[in-house]
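Descriptive analysis of the structure
Spelled out from the first residue to the last, the chains are:
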Amino acid sequence: MVELAPTPRDTLFREGTAALYRFRSAEGAAPRPSRAPLLLVPSLINRWYVLDLRPGASLARALVDAGFDVYCLDWGVPESEDRYLEWDAVVARVGRMVRRVQRESGAPRVGLLGYCIGGTLSAIHAALEPESVGALVNLAGPIDFAEGGMLAHMVDPRWFDPAAIAAAGNVSAEQMQSGFVALRPTAQIGKWLSFFDRLGDEQRMEAFQALEEWSSANIPFPGAAYGKYIRDLYQANALAKGTHHVAGRRVDLGQIRCPVLTVVTDRDVICPPPAAQALNDLSGSSDKSLLVIPGGHVGAVVGGSAPKQLYPKLAEWFGRALSN
């Protein structure tokens, strides 16, 4: 049985279903306070441990081994009553986790890495509270939703009503997964063909099993938050247009002044590269970089090439960006 989420960690804080973790070193020791703090913000609709999937495929472990003080937000699994959790409250939760990392580490600013929807949320936080973020990585998170590809087409307001979808409560993992499957309807066949190719290769089988277990454990999207996310970001493209509001405050990406790195994958159908790259165009930072890596939305983060391509480049960039 493959070991999932192998990096030792402590739970520092809980809020509703969410938790804040702090990772330990390979020897199990608590990180030194002098290390630069990084907060990982995963997608709202997937289990957090895609960022700490298994031994040899863990972004969290790579950053800890590179000398960083690494924290992670676990969104948890929404309960039935979380159908009333608003998008504004989701954004506010990121802010509270950032402030907790500041208190725990003693650092005035935090390095923020958001993956998928976590990248969108991290950019929103950095725009609203720019003084709290020392460096920002958007890892395949959509910003310009007009460039959202087939997903944007599927939720076009001419035929898609997010309020009707969320009227019954939280949007289930099965509902959302059906949309992702529709993006690549033959992917399931290809996946199982590759399974038989892996038979007899223990390392490749472990990688397959870990990813399969993670991908089959998706979590619901809180109903109220889903409604605003689809309506404002996908249908109105309000974030890129500068008309998105959170708790009455306009989100102006031009307020982001810290170093920004956008990471895109060349075969991403969930967040096409132009959707994420828009952060570099819209942010007010004078230090903006783009990293293009091979692979799809998930595979590029946990696949065989990730420890050689993605992880060291992220560690190198954070080391430079947070030392300025």
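Heads up: the structure comes first, above all this text.
For the structure given in this document, a descriptive report is provided here. No experiment lies behind these values; they were computed from the predicted model shown.

Analysis parameters
Residues numbered from 1 in each chain as written. Predicted model: local features only at pLDDT ≥ 70, side-chain atom pairs only at ≥ 80, totals over all residues. Heavy atoms only, no water. Phe/Tyr/Trp six-rings, centres within 6.5 Å; stacked < 30°, edge-to-face > 60°. Helix = DSSP H or I, 4+ residues; strand = E, 2+ residues; numbered from the N terminus. Buried < 20%, exposed > 50% of the residue type's maximum accessible area, 1.4 Å probe, protein only. Axes fitted to C-alpha atoms, helices over the stretch in contact; angles between N-to-C directions. Parallel < 35°, antiparallel > 145°, perpendicular 65-115°, else oblique. Contact = heavy atoms within 4.5 Å. Nonpolar A, V, L, I, M, F, W, Y, C, P; charged D, E, K, R; others polar. Pairing = 2+ DSSP bridges. Right-handed = clockwise from strand over helix to strand, strands pointing away. Core = buried A, V, L, I, M, F, W, Y, C linked by side-chain atoms within 4.5 Å.

Some details on the packing of aromatic side chains
- Scanning all chains against the criterion turns up 11 aromatic pairs.
- Ring centres of phenylalanine 23 and tryptophan 48 lie 6.1 Å apart, and the angle between their planes is 45 degrees; this geometry places the pair in the tilted category. In this pair, phenylalanine 23 sits in strand 2 (residues 18-23) while tryptophan 48 sits in the loop between strand 3 (37-41) and helix 1 (59-65), placing the two residues 25 residues apart along the sequence. Note on accessibility: phenylalanine 23 and tryptophan 48 belong to one class, buried.
- Ring centres 5.4 Å apart and planes at 75 degrees place the aromatic pair phenylalanine 221 and tyrosine 226 in the edge-to-face group. Comparing phenylalanine 221 with tyrosine 226, the two get one shared label, buried.

Observations regarding the packing of helix 2 (residues 87-105) against helix 3 (residues 117-128)
- Between helix 2 and helix 3, the least distance of the axes is 10 Å, while the angle of their chain directions is 75 degrees. Our classification of the angle between helix 2 and helix 3 gives roughly perpendicular. Contact residues: helix 2 offers Trp87, Val90, Val91, Val94, Gly95 and Val98, while helix 3 offers Ile117, Leu121, Ile124, His125 and Leu128.
- Tallied by class, residues from the contact of helix 2 with helix 3 come to nine nonpolar, two polar and no charged.

Looking at the pairing of strand 5 (residues 110-115)
- The buried count for strand 5 comes to six of six residues, which makes it a mostly enclosed element.
- Along strand 5, one buried face is formed by Val110, Leu112 and Gly114 and the opposite face, lined by Gly111, Leu113 and Tyr115, is buried too.
- Here strand 3 pairs with strand 5 via four bridges, running parallel. By the bridge assignment for strand 5, leucine 39 is matched with leucine 112.
- Pairing between strand 5 and strand 6 (residues 133-139): six bridges, direction parallel. Among the inter-strand pairings, glycine 111 is bridged to a residue of strand 6, identified as alanine 135.
- In this region the chain leaves strand 5, passes through helix 3 and returns to the parallel neighbour strand 6; the handedness of that crossover is right-handed.

Here we look at the pairing of strand 1 (residues 9-15)
- Across six bridges, strand 1 lies against strand 2 in antiparallel orientation. Each residue of the ladder has a partner; that of glutamate 15, found in strand 2, is alanine 18.
- Count of turn residues in the strand 1/strand 2 antiparallel hairpin: two residues, of which glycine 16 carries a positive phi of about 60 degrees.

Overview of the nonpolar core
- In terms of nonpolar packing, the biggest core is built from 95 residues, with Leu39, Trp87 and Phe221 touching the most fellow members.
- Among the elements that take part in this core, helix 13 (residues 306-321) stands out by supplying eight residues, more than any other.
- Excluding residues within four positions of it along the chain, tryptophan 87 makes contact with Ile117, Leu121, Ile124, Phe221, Ala225, Lys228, Tyr229, Leu233, His244 and Val246.

Digging into the environment of glycine 284
- By secondary structure assignment, the location of glycine 284 is in the loop between helix 11 (273-282) and strand 10 (288-293).
- Each C-alpha atom of the pair glycine 284 and glycine 254 lies 4.1 Å from the other, and the pair is 30 residues apart in sequence.
- Leave out the neighbours within four places in its chain, and glycine 284 touches Leu253, Gly254, Ile256 and Arg257.

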